Amino acid sequence: MHHYALLLLTAFAFGDPVLAACNDAPRPHVNWRHCDKHGAELRGAELPGAILLRANLAGADLREAQLSGADLSFADLRGAKLGKARLEGARLVGAQLDGADLSEADLDKAVFDRASLVDARLTDAQLRAASGYQTVLRGADLSHADLSGADFRQANLDKANLTGATLVKTQLSDASLQEARLVKATLEKTALNNAKLAKADLRGANLRGASLANADIYGATFTDAALGSAIWVDRRRCGLDAVGSCE
């Protein structure tokens, strides 16, 4: 009896996947660690605080699901439907979200460092104060999304669509935004130090007070972009009324 209790205690302490209750119905704090839920119909499911570490949720329907505070680290969510899902404060570290639909999802303060969201859809999504360090968002659609105060240092946003997105005080230092579309995006006081912006489209963008020190802007378009008080690539400060070029 003592040996059995010790095994249970050890399993709990080290997160042994055998403790996952894969057949449990959706509920808050459910433990679906390592469970195969690919293609599952979970629309509107109440899963706040759920443990979904390394779960297979590829192609699952999680639209409008409540996943605030859930742990989806290293989960497979490729092609999953997460439109209007609530993911505030969720952990998605190393998660696979290529081709996933997160349009209008709430990802405020979510952590998806080193996750992969290639060609993911995040239109009108909320990512305020989210952490996406070294996250791959290549080709993702983030049009009209709100990334204010988010940390995307060293992230890959090549060819991403950020048209009309809000990136106020967003951290994009050392990020790659080559050929990214940032038309009419709001980048006030955004850090773009050492960022790769080659051939990026920043027409009509608001870059007032932003820092582009040492950024690569080869072939980038700044037509009608507001650059008042921005720090330019050569570290000089642009004029208060600078538009289109640093003057």
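The secondary structure content of the protein chain amounts to one helix and zero strands. Dimensions of the protein chain along its principal axes, counting C-alpha atoms only, are 75 × 35 × 25 Å. Out of the 247 residues in the protein chain, the part that is buried amounts to 51%. Considering only intrachain contacts with a sequence separation of at least 6, the fraction spanning at least 24 residues in the protein chain is 0%. Here the protein chain holds 29 positive side-chain charges and 31 negative ones, and the gap between their average locations is 2 Å.

Right, let's talk about the side chain of Lys-37 for a bit. Residue position: Lys-37 is located in the segment after α1 (2–14). Although Lys-37 lies buried, it forms no salt bridge, and the closest oppositely charged side chain, Asp-24, sits 8.4 Å away as judged by the N-O distance. Not counting residues within four places of it along the chain, the set of residues in contact with Lys-37 comprises Cys-22, Asp-24, Trp-32, Asn-56, Leu-57 and Ala-60.

Turning to empty space enclosed by the protein, a few remarks are in order. Once rolled over the atoms, a probe with the size of a water molecule shows which space is left empty. Enumeration over the complete set of coordinates arrives at two cavities of 30 Å³ or more. Space inside the largest cavity adds up to approximately 50 Å³. Each residue belonging to the lining of the largest cavity can be placed in one class, and the counts come to eight nonpolar, no polar and no charged. One number sums up the size of the second largest cavity: a volume of about 30 Å³.

Before going further, it helps to spend a moment on the packing of aromatic side chains. Enumeration according to the criterion identifies two aromatic pairs in this entry. Between Phe-112 and Phe-152, the aromatic rings sit 6.0 Å apart at their centres with planes inclined by 65°, giving edge-to-face as the arrangement. Placement of Phe-112 in the segment after α1 and of Phe-152 in the segment after α1 is noted, with a sequence separation of 40 residues between them. For the pair Phe-112 and Phe-152, a shared accessibility class is recorded, and that class is buried.

Before going further, it helps to spend a moment on the state of the cysteines. A covalent bond between the sulfur atoms of two cysteines is what we call a disulfide. Inspection of the entire model under this criterion finds two disulfides. Two residues share a disulfide in this structure: Cys-22 and Cys-35, whose sulfurs sit 1.9 Å from each other. Disulfide Cys-22-Cys-35: torsion about the S-S bond near -85°, hence left-handed. Of this pair, Cys-22 sits in the segment after α1 while Cys-35 is found in the segment after α1, placing the two residues 13 residues apart along the sequence. Judged by its relative accessible area of 31%, Cys-22 is partly exposed. Each disulfide pairs two cysteine sulfurs, and for Cys-238 the partner residue is Cys-246, the sulfurs being separated by 2.2 Å. Every disulfide takes its handedness from the sign of the S-S torsion; for Cys-238 and Cys-246 that torsion is -120°, giving left-handed. Its relative accessible area of 4% is what places Cys-238 among the buried residues. What connects to what in the protein chain, once the bonded cysteines are numbered by sequence position, is 1-2, 3-4.

Under the criterion given, the structure shown has 12 salt bridges. A salt bridge links Arg-43 to Glu-64, with the shortest nitrogen-to-oxygen separation between them at 3.6 Å. Within this pair, whereas Arg-43 is found in the segment after α1, its partner Glu-64 is found in the segment after α1, the two being separated by 21 residues in sequence. For Glu-64, a relative accessible area of 42% gives the class partly exposed. Here Asp-108 makes a salt bridge to Arg-128, at a shortest N to O gap of 2.8 Å. Here Asp-108 is found in the segment after α1, whereas its partner Arg-128 is found in the segment after α1, with 20 residues between them in sequence. Judged by its relative accessible area of 15%, Asp-108 falls in the buried class.

With that settled, consider the environment of Leu-97. For Leu-97, the position within the fold is in the segment after α1. Spatially, the C-alpha atom of Leu-97 lies 29 Å from that of Glu-188, the residues being 91 residues apart in sequence.

So, on to the nonpolar core. The biggest cluster of nonpolar side chains holds 80 residues, and the ones touching the most others in it are Leu-122 and Leu-127. Sequence-distant contacts of Leu-122, that is, excluding residues within four places in its chain, are made with Leu-102, Ser-103, Leu-107, Leu-117, Leu-127, Leu-137, Ala-140, Asp-141, Leu-142, Ser-143 and Ala-145.

How each quantity is defined
- Residues numbered from 1 in each chain as written.
- Predicted model: local features only at pLDDT ≥ 70, side-chain atom pairs only at ≥ 80, totals over all residues.
- Heavy atoms only, no water.
- Helix = DSSP H or I, 4+ residues; strand = E, 2+ residues; numbered from the N terminus.
- Buried < 20%, exposed > 50% of the residue type's maximum accessible area, 1.4 Å probe, protein only.
- Contact = heavy atoms within 4.5 Å.
- Lys, Arg positive; Asp, Glu negative; His and termini not counted.
- Charge placed at Lys NZ, Arg CZ, Asp CG, Glu CD.
- Salt bridge = Lys/Arg side-chain N within 4 Å of Asp/Glu carboxyl O.
- 1 Å grid on protein atoms, 1.4 Å probe; cavity = no way out; pocket = protein on both sides within 12 Å on 5 of 7 lines; lining within 4 Å.
- Points joined across faces, edges and corners; volume = space filled by probe spheres on them.
- Nonpolar A, V, L, I, M, F, W, Y, C, P; charged D, E, K, R; others polar.
- Phe/Tyr/Trp six-rings, centres within 6.5 Å; stacked < 30°, edge-to-face > 60°.
- Disulfide = S-S within 2.5 Å.
- Core = buried A, V, L, I, M, F, W, Y, C linked by side-chain atoms within 4.5 Å.

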